[in-house]
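Breakdown of the fold
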Amino acid sequence: MDLFIQSLVLGILLGGLYALLAAGLTLYFGVMRVVMIAHSAFLILAAYLAWWFTTNTGLDPLLSLVVTVPLFFVVGVFVQRVLIARLKPATLTMMSVLLTFAIALTIEGLLGFVFSGTQRRIQLPYSGASFEVFGARIAVVKLIAFALAAVALAALYFVLKATRFGQSLRATIQNSEAAALVGIDTKKVAGYGFGIGLATAAVGGTALALDATIYPSLHWHWIGPLMAIIVVGGLGSVPGAAAAAMVLGVSQSLLQIPMGTTWAQTIFYIVLFATLVFRPHGFFGGRLAQRF
Amino acid sequence: MITSTRTTRSIRSWVAVMAAGGLLTLAGCGIDDPSEPGDADAGSDSTGGGGADEEAIQIGISLPLTGDFSEPGKGVQRGYEAWASYVNDNGGLLGRDVELTILDDQSNADRVASDYEKLINQDGVDLVFGPFSTRLVVPAAQVALDYGFLFVEPAGAAEDVFTQGFTNLFYAAPAVAQDHYNYLADYIEAMPEAERPQTAAYAAMDDPFAQGTAYGLKERLEAMGVETVVDEVYPPNTTDFSSIAAKIESSDADILVGGSQYQDAVNLIIALQQLGYQPDLAAFSTAPTNPEFAAAIGDKTEGILSPTGYTPEATYPTNAEFVEYFNAEHGSEPTEDEANAWTTGQVVAAAVEGVGCADPTPECQGQLIDWLRNNEVDTVVGPLTWDAEGRPQGAHLIQQYVDGEITIVLPDDAKEADFIYPKPEW
C-alpha cells in the first residue's frame, strides 16, 4: 500500500488522540491561568483504571468510562476548590506549576505503589484487528480512540457553545473580571471548568490505554508534547488545541518517512519554537495569551 | 560573670547531652546500625540468611525496578535474590552470609552512577554486582572502576561496554550482543540461495545492546546478499510504533529483525499486526523470552524467535540445581534475566572462594579481578572465560515459539524442536 496515504491516515488518527489529550490542558489555562502539569498524570491514572477494570471484570475498557468520567469530574472540582483556589492570584500561574507538579509526582508514586512499575497493556480480542479503506489499513483500536476523541471534543464544544454554563465559562475565559461584574460566579465556573478538564482526561486516558503499554512514569513522556500543542494552538483555545494537535500529529507521521522516528518526534519542539518566535500567542490564542 | 558562668554551664550541659547521645548512638550501632547496608531505611531491599549481621558479606546493586527497563530489571532482581538465598541456605560464602542492598535507579543512567557511589562510599559494601542494560552498565562500571571494585554484570552485552577500558569488568553470559544471532546467520547462510530471504527490515531501539544484536545479524546478512530495505532507529521512550510499522509494511521485507527490549517489541508487533504485515521471519532480542510476552501480544507468537544465553534444560553441572531451587521459590522456571543474575553471583562467588577474601580493599578487589582473568568458571550458562576487555568467549542459542512454547531450535546439537521457516501468520 502507499506509504504516504497510510502515514496520512495514521497521522490523522494520532492527531485526534492528541487533541483529546490536550483539550483539558488548554481549558485549565483558559479559565484559571493554571498550568496543569498533572494533567498527563491523570491521563495515566485513567489508563490504569481502565486496565484494572478490564483485567478484573473481563469487560471492555470503554465501559469503565461510566465510572471514571463522573469520578474525574468530581476530583477536578475538588482539586480546584481545595488546592488551586488557595493560590494567590498574583502568583497563580507560577505557583500552579509547582502545585500540579507535586500532584503529578504524588499520582506517579501512588500508581507505582498500587500497580508496581511493571508495564501493563490491555489485551483485547480486537487489539491487532484492522480493516482496509482506499488502500489504507485502519486499526480498530486506533479508530475507537479517534471516535472517542471526536465524541468527547464534540460534547465539550456543545457544552461551551450551547449551554448557559458554557457561556459563563467562555465569558470567564475571555475576561474573568468582566464576567464577575455581570454576575457570573467565576469561582464556581472555575471549579466546574477544572472538573470538565479532568473528565476529558478520563476519556483520553482510556483511549490511550486501548493501544499503549502503560507504566507510572509514562506521564512525563506526554506532558511536553501536550504543552507544545496548547501553546501552538493558543493558550485557552479548545479549537486551537484540536487544530494544532491534528497538524502536529499528521506532520509527525509524514515526516517520519524521510526523517526517521527520532527526528520526526522533534517536530513538536521545532513548531513550538517557531510559534513562540513568530506568533507568541499561538494560532488561536488572540489577546488572551498576550495578557499572560 | 554570672552570665558567663551560666553560659559555660549551659555549654557543658549541651556537650554532656551530645556526648551521651553520641555514646548511645555508637552503642546502638554496635547492636543494629540503621545506616548499615541492607537496612530498609536506606530505601533498599535486603536478602540475608540466618548468620550474624556483622559477619555478612554486603553486596551492593542498583537495578531498573521502575521505568523503561523495569520488566527485565525485576527479573535480574529475582535472580540475585534467589542466588543470595541459595548461598545462605548452603553455608554462605567463606562461611559468611551474603546480604544484598538493591537500589532502584529508575532506568536512569545518572541515577545508577550515584547509586553505586552511595553503595561504595556511604554504605561501605564489600562487593558490587552489575545492573541491567548496557546503558546503565557503562556508567555503573565507571564508578566501580574509579574505586577499584570488581564489576561482574549480567546484562551489558553491547560492544560499547568492552571498548572503554574497563579493566575490572566481566560479562556473565555466553556471548556479546554482536554475536547473539550467529547461529541464525549460520542457518540462513546454509539455506539454498533460492530459499534465502532477499530483503530485511531492521527496527532497533537507540540503545547499544538492542542495536548491537540487530546490527550483528545485519552485517552477516548483508555479507550474504540480503538487502536492507528498512533501517529504523527509535528513541527508548517511543510509544507509538504505527509509523515505523507502516514503513516496514510498505517495504514488504521478507524478514524482520527487531533490536528491542520488552515493551517496544510488544508495541511494534501489535502495530505490525494491525497493518497486516506478515514476514517470513521475525526476530526480537530479549522480549520473546519474557514470561509476559505471550499474554502481551495475544498469543500470536508462533514462529517468533529470539537469541538466548540460557535455557532451563541445559545440562551444565549446576543448572539442574538452580532450576529446582528457583522453581521451589517462585513456582516457575528461571528466565534468561534471572539466570544471568544467578550467573553473576556464581562468577563473583568463584573469585571470592578462589582468592579467599570479600572486602572493599584495593588489595582484595585487585586479587578478585586477577583471579577471574586467569580462571574458568562453571556456571548455569556453561563454562565462562573472558578476554582482556571482559568479553565472554561463547555463543547464544536461538529460541523460537513452537506450538506455543519458546523452544531451542538452533544450533542443531542443542535443539529441542525444528526451526520454523517461514513463520506462520500472526
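Rules used throughout
Residues numbered from 1 in each chain as written. Chains lettered and ligands numbered in written order. Predicted model: local features only at pLDDT ≥ 70, side-chain atom pairs only at ≥ 80, totals over all residues. Heavy atoms only, no water. Helix = DSSP H or I, 4+ residues; strand = E, 2+ residues; numbered from the N terminus. Buried < 20%, exposed > 50% of the residue type's maximum accessible area, 1.4 Å probe, protein only. Contact = heavy atoms within 4.5 Å. Areas by Shrake-Rupley, 256 points an atom, 1.4 Å probe, with all protein chains shown as cover. Domains from an automatic or database assignment. Salt bridge = Lys/Arg side-chain N within 4 Å of Asp/Glu carboxyl O. Polar contact = N/O pair within 3.5 Å; in protein donor to acceptor, adjacent residues only side chain to side chain. Core = buried A, V, L, I, M, F, W, Y, C linked by side-chain atoms within 4.5 Å. Axes fitted to C-alpha atoms, helices over the stretch in contact; angles between N-to-C directions. Parallel < 35°, antiparallel > 145°, perpendicular 65-115°, else oblique. Left-handed = near helix turned anticlockwise from the far one by under 90°. Nonpolar A, V, L, I, M, F, W, Y, C, P; charged D, E, K, R; others polar. Disulfide = S-S within 2.5 Å. UniProt positions renumbered as here; feature names shortened; annotations may be inferred. Phe/Tyr/Trp six-rings, centres within 6.5 Å; stacked < 30°, edge-to-face > 60°. Lys, Arg positive; Asp, Glu negative; His and termini not counted. Pairing = 2+ DSSP bridges. Right-handed = clockwise from strand over helix to strand, strands pointing away.

A few points about the overall build of chain B
- Regarding its fold elements, chain B presents 12 helices and 14 strands.
- A buried classification covers 57% of the 426 residues belonging to chain B.
- A sequence separation of at least 24 residues applies to 70% of the contacts in chain B between residues at least 6 apart.
- Counting every atom, chain B has about 16,200 Å² of accessible surface; 48% of that belongs to carbon and sulfur.

A word on the domain arrangement of chain B
All names here are of chain B.
- The domain boundaries assigned to chain B delineate domain 1 (2-175 + 316-384) and domain 2 (179-308 + 396-414).
- Contacts between the two partners involve 15 residues from domain 1, matched on the other side by 18 residues from domain 2.
- Applying the counting rule to domain 1 against domain 2 returns one salt bridge.
- A salt bridge links Arg135 to Asp207; the nearest nitrogen and oxygen atoms lie 3.3 Å apart.
- Summed over the shared surface of domain 1 and domain 2, the result is three residue pairs in polar contact (both at pLDDT 80 or more).

Structural notes on the nonpolar core
- By size, the foremost hydrophobic cluster in this structure holds 112 residues, and its most contacted members are B:Trp83 and B:Ile248.
- Two domains each provide a minimum of three residues to this core, namely domain 1 (2-175 + 316-384) and domain 2 (179-308 + 396-414) of chain B.
- Apart from residues no more than four positions distant in its own chain, B:Ile248 is found in contact with B:Ala201, B:Ala203, B:Val230, B:Ala253, B:Leu256, B:Leu268, B:Leu272 and B:Tyr277.
- Of all hydrophobic cores here, the second largest spans 88 residues; its members include A:Ala38, A:Phe42, A:Leu198 and A:Val231.

Some details on the packing of helix H2 (residues 39-57) of chain A against helix H4 (residues 92-115) of chain A
Residue and element names in this part refer to chain A.
- Taken N-terminus to C-terminus, the directions of H2 and H4 make an angle of 20 degrees; their axes are 9 Å apart at the nearest point. Classified by the angle between their axes, H2 and H4 sit roughly parallel to one another. As H2 runs across H4, the sense of the crossing is left-handed. For the pair H2 and H4, the contacting residues are Ala41, Phe42, Ile44, Leu45, Tyr48, Trp51 and Trp52 in the first and Ile103, Ala104, Ile107, Leu111 and Phe115 in the second.
- Its residues assigned to classes, the contact of H2 with H4 shows 12 nonpolar, no polar and no charged.

Notes on the state of the cysteines
Residue and element names in this part refer to chain B.
- Applying the stated criterion across every chain, the model contains one disulfide over all chains.
- One disulfide bridge connects Cys357 with Cys364, the sulfur atoms lying 2.0 Å from each other. Looking along the S-S bond of the Cys357-Cys364 disulfide, the torsion reads about 100 degrees, which is the right-handed sense.
- Of the residues examined, Cys357 reaches a relative accessible area of 12% and is grouped as buried.
- Look at Cys364 and you get buried, because its relative accessible area is 2%.

Structural notes on the UniProt feature "domain: Leucine-binding protein" (unreviewed entry) in chain B
- If you check UniProt for "domain: Leucine-binding protein" (unreviewed entry), the listed places come out as residues 57-398 of chain B in our numbering.
- Secondary structure content for residues 57-398 of chain B is 42% helix and 17% strand, and the end C-alpha separation is 37 Å.

What about the packing of aromatic side chains?
- Throughout the structure, instances matching the rule amount to 25 aromatic pairs over all chains.
- Seen from their ring centres, A:Tyr18 and A:Trp222 are 5.8 Å apart, and the 75 degrees between their planes marks the pair as edge-to-face. On the criterion of sequence distance, the pair formed by A:Tyr18 in helix H1 (residues 3-32) and A:Trp222 in helix H9 (residues 219-233) is long-range, its members being 204 residues apart. This pair shows no difference in class: A:Tyr18 is buried, exactly as A:Trp222 is.
- With a centroid separation of 4.3 Å and an interplanar angle of 35 degrees, the aromatic rings of B:Phe322 and B:Trp342 are classed as tilted. Taken together, the residues B:Phe322 in helix H10 (residues 319-330) and B:Trp342 in helix H11 (residues 336-355) connect sequence positions 20 residues apart. For the pair B:Phe322 and B:Trp342, a shared accessibility class is recorded, and that class is buried.

Some thoughts on the side chain of B:Glu71
- Tracing the sequence through the fold places B:Glu71 in helix H2 (residues 70-89).
- No salt bridge is formed by the buried B:Glu71. Its closest oppositely charged neighbour is B:Lys74, at 4.8 Å.

A few points about the UniProt feature "transmembrane region" (unreviewed entry) in chain A
Residue and element names in this part refer to chain A.
- Listed under "transmembrane region" (unreviewed entry) in the UniProt record, and renumbered for this structure, are residues 6-27, 34-53, 65-84, 96-116, 136-160, 189-210, 222-248 and 260-278.
- Each end of residues 34-53 is marked by a C-alpha atom, and these two atoms are 31 Å apart; helix forms 75% of the span and strand 0%.
- With 95% helix and 0% strand, residues 96-116 has end C-alpha atoms that lie 28 Å from one another.

What about the pairing of strand S7 (residues 227-234) of chain B?
Residues and elements named next belong to chain B.
- With seven bridges connecting them, strand S6 (residues 199-205) and S7 associate as parallel partners. Directly across from Ala201, in S7, lies its bridge partner Val230.
- You can see the chain leave S6, run along helix H6 (residues 208-223) and come back into S7, and the turn it takes is right-handed.

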